[in-house]
Amino acid sequence: MKSIKTFVAVAALSVMSFGAFAQTVSATASTLDGAEAQIAAQAKQAGADYHITEAYAGNQVHMTAELSK
């Protein structure tokens, strides 16, 4: 009986922690400001905050961010 309760508790906690993971989004634009504006719009639509994790500027800017609630 104790192992069943432990299994149920672990299962419930794993479901809750799975929902806490951050979502990764990316955007491509011609400027850093344009890419960040796209990231900000995605975050606003998701009702989340964002943290830029990567930006690369070549012919265009590619930016990646993590959304968190």
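Further up the page is the structure itself.
Anyway, here's the lowdown on the structure attached to this text. (Residues numbered from 1 in each chain as written. Predicted model: local features only at pLDDT ≥ 70, side-chain atom pairs only at ≥ 80, totals over all residues. Heavy atoms only, no water.)

### Some words on the overall build of the protein chain
If you tally the helices and strands in the protein chain, you get two helices and three strands. Its helices and strands taken in sequence order, the protein chain reads α-β-α-β-β from the N to the C terminus. In the protein chain, buried positions account for 17% of the 69 residues. A fraction of 44% describes how many contacts in the protein chain between residues 6 or more apart in sequence connect residues 24 or more apart. Carbon and sulfur atoms make up 60% of the accessible area of the protein chain, which amounts to about 5300 Å² in all. (Helix = DSSP H or I, 4+ residues; strand = E, 2+ residues; numbered from the N terminus. Buried < 20%, exposed > 50% of the residue type's maximum accessible area, 1.4 Å probe, protein only. Contact = heavy atoms within 4.5 Å. Areas by Shrake-Rupley, 256 points an atom, 1.4 Å probe, with all protein chains shown as cover.)

### Considering the sheet that holds strand β1 (residues 23-29)
What holds strands together in a sheet is hydrogen bonding between their backbones, with the strands either parallel or antiparallel. The strand order across the open sheet built from three strands is β1-β3-β2, with neighbouring strands paired in antiparallel fashion. Two strands bound the open sheet, and with one partner strand each, they are β1 and β2 (49-57). For this sheet the average axis-to-axis angle between neighbouring strands, irrespective of direction, equals 20 degrees. Here eight bridges tie β2 to strand β3 (residues 61-68), and the two strands are oriented antiparallel to one another. Within the sheet, the bridge partner assigned to Asp49 lies in β3 and is Ser68. Set on the sheet, helix α2 (residues 32-46) makes contact with β1, β2 and β3; between it and β1 the angle comes to about 145 degrees. (Pairing = 2+ DSSP bridges. Axes fitted to C-alpha atoms, helices over the stretch in contact; angles between N-to-C directions.)

### Observations concerning the nonpolar core
Membership of the largest hydrophobic core is limited to eleven residues, which are Val25, Ala27, Ala29, Ala35, Ile39, Ala43, Ala48, Val61, Met63, Ala65 and Leu67. Counting residues per element, this core draws most heavily on β3, at four residues. Beyond its immediate chain neighbours, meaning those up to four positions away, Ala35 contacts Ala27, Ala29, Val61 and Met63. (Core = buried A, V, L, I, M, F, W, Y, C linked by side-chain atoms within 4.5 Å.)

### Comments concerning the side chain of Thr64
Looking at where Thr64 falls in the secondary structure, it is placed in strand β3. In this view, Thr64 contacts Thr24, Val25, Ser26, Ile52, Thr53 and Glu54; residues no more than four positions away in its chain are not counted.

### What about the environment of Ile39?
Along the chain, Ile39 falls in helix α2. In this structure, the C-alpha to C-alpha distance between Ile39 and Ala65, residues 26 residues apart in sequence, is 7.1 Å.

### Examining α2
Between its first and last C-alpha, α2 extends 21 Å over 15 residues, near the 21 Å set by a 1.5 Å rise per residue. Those residues of α2 hidden inside the fold are in contact with β1, β2 and β3. Just past α2, the residue Gly47 takes up positive phi, approximately 70 degrees. (Expected span 1.5 Å × (residues − 1).)

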